[in-house]
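Geometric and topological summary
Each chain is listed here by its residues.
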Amino acid sequence: MKTYLLPSIKLTLILLVLLSGLYPLAIVGIGKFTPGHGEGETIQYKGRTVGYVLIGQKFTKDQYFWSRPSAANYQADAGAGSNKGPTNPDYLKDVKARIDTFLKHNPDVKRGDIPAELVTSSGSGLDPNLSPAGAKVQVARIAKIRHLSVDQVNKIVDDNTEQPLLGLFGPPKVNVLKLNVALDELKQ
């Protein structure tokens with residue numbers, strides 16, 4: 001028994017120091033070299049923080065781009081998916097209601113042209129990004145309400161579209177909060 005007990009205790013202590021002390025310190029150190037220095041990258045507007053780059057926010061006013069729906073009501077401390085599958089009647093009712101709401105506010109859009117991301121919530125419930133198509137389907141509504149040309153609003157979408165990392169990893173994406181800040185800055 002002594003042959004196994006002493007090495008087990010030593011291994012436990014070594015792993016405790018490594019995994020409870022050194023590893024977390026290394027991660028904090030690496031975080032200091034990231035945007036936001038490990039505190040999260042913020043978005044500023046008129047000298048104040050209006051949100052975080054990686055946490056979605058709810059936008060429902062017609063003069064703004066709408067975000068992807070959230071199963072967590074956009075609360076970062078409650079981030080989670082709904083876990084409802086595509087055959088769940090409650091889920092289907094929610095999606096239908098979102099489609100109806102979107103069509104009511106975007107009468108020029110056909111039902112089949114609505115990207116799925118605008119009526120289904122993301123896995124985390126906090127997704128801050130849309131595809132360029134998810135943003136562009138909203139352009140006509142925003143241009144009309146803000147008295148801008150469709151070309152002006154499309155340019156804002158194009159200017160805020162982030163391409164995949166190295167042109168390979170992930171799809172193009174548009175951060176909704178950055179888009180809406182760009183819209184507000186345009187009217188100044």
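The structure displayed is predicted, hence computed values, not measured ones. (Residues numbered from 1 in each chain as written. Predicted model: local features only at pLDDT ≥ 70, side-chain atom pairs only at ≥ 80, totals over all residues. Heavy atoms only, no water.)

**Thoughts on the overall build of the protein**
This is how the line gets drawn: Here a strand is any run of E in DSSP of at least two residues, a helix any run of H or I of at least four, and the numbering for each starts at the N terminus. The globule rule is 2.2 Å times the number of residues to the power 0.38, and the radius of gyration it is compared with is taken over C-alpha atoms. Under the scheme applied here, a residue whose accessible area is under 20% of the maximum for its type counts as buried, over 50% as exposed, and between as partly exposed, the area being computed with a 1.4 Å probe on protein chains only. Contact between two residues is taken to exist if any of their heavy atoms lie within 4.5 Å; hydrogens are not considered. To be clear on the numbers: accessible area is Shrake-Rupley with a 1.4 Å probe, and residue cover counts the displayed protein chains and nothing else. When charges are counted, neither His nor the chain ends are considered; positive counts come from Lys and Arg and negative counts from Asp and Glu. Lysine's charge is taken at NZ, arginine's at CZ, aspartate's at CG and glutamate's at CD.
In terms of regular secondary structure, the protein is built from six helices and five strands. Its C-alpha radius of gyration of 22 Å places the protein more than 25% over the 16 Å reference for a compact globule of 188 residues. Seen through its C-alpha atoms, the protein measures out along the principal axes to roughly 80 × 45 × 30 Å. Among the 188 residues that make up the protein, the fraction classed as buried is 33%. Long-range contacts, defined here as pairs at least 24 residues apart, represent 56% of the contacts in the protein between residues at least 6 apart. For the protein, the exposed surface amounts to about 12,300 Å²; the carbon and sulfur share of it is 61%. Averaging the locations of the 23 positively and 17 negatively charged side chains of the protein gives two centres separated by 5 Å.

**Re the sheet that holds strand 3 (residues 129–130)**
Filter applied, for reference: Here, any two strands with at least 2 DSSP bridges between them count as paired. Axis angles are defined between N-to-C directions and span 0 to 180 degrees, where every axis is a line fitted to C-alpha atoms and, for a helix, only to the segment in contact.
Strand order across the open sheet formed by three strands is 3-5-4, with antiparallel pairing between neighbours. Only two strands of the sheet have a single neighbouring strand rather than two, namely strand 3 and strand 4 (161–162). As paired strands, strand 4 and strand 5 (residues 173–175) are joined by two bridges and run antiparallel to one another. Within strand 5, the residue paired with T161 across the bridge is V174. Helix 6 (residues 176–186) rests against strand 3, strand 4 and strand 5 of the sheet, and its axis sits at about 60° to strand 5.

**Brief notes about unusual backbone geometry**
In this structure, K46 takes a positive phi of about 55° despite not being glycine. Within the secondary structure, K46 sits in the loop between strand 1 (42–45) and strand 2 (48–52). Classification of K46 as exposed rests on a relative accessible area of 64%. Its identity is not glycine, yet H147 carries a phi of approximately 55°, on the positive side. Looking at the element boundaries, H147 is found in the loop between helix 4 (139–146) and helix 5 (150–159).

**As for helix 5**
Where we set the bar: Directions drawn from the helix axis to the C-beta atoms are what define this arc.
Residues of helix 5 that are buried include every one of V153, N154, I156 and V157, and no others. Angularly, the buried residues of helix 5 cover 155° about the axis, an arc narrow enough to put them on a single face. Along helix 5, the residues that are exposed and aim more than 90 degrees away from the buried face are D151 and D159. Lining the buried residues of helix 5 we find helix 3 (132–136), helix 4, strand 4, strand 5 and helix 6.

**Brief notes about the environment of A72**
Within the secondary structure, A72 is located in the loop between strand 2 and helix 2 (89–105). Assessed through its relative accessible area of 8%, A72 is described here as buried. Along the chain, A72 and L126 lie 54 residues apart, while their C-alpha atoms are 7.2 Å from each other.

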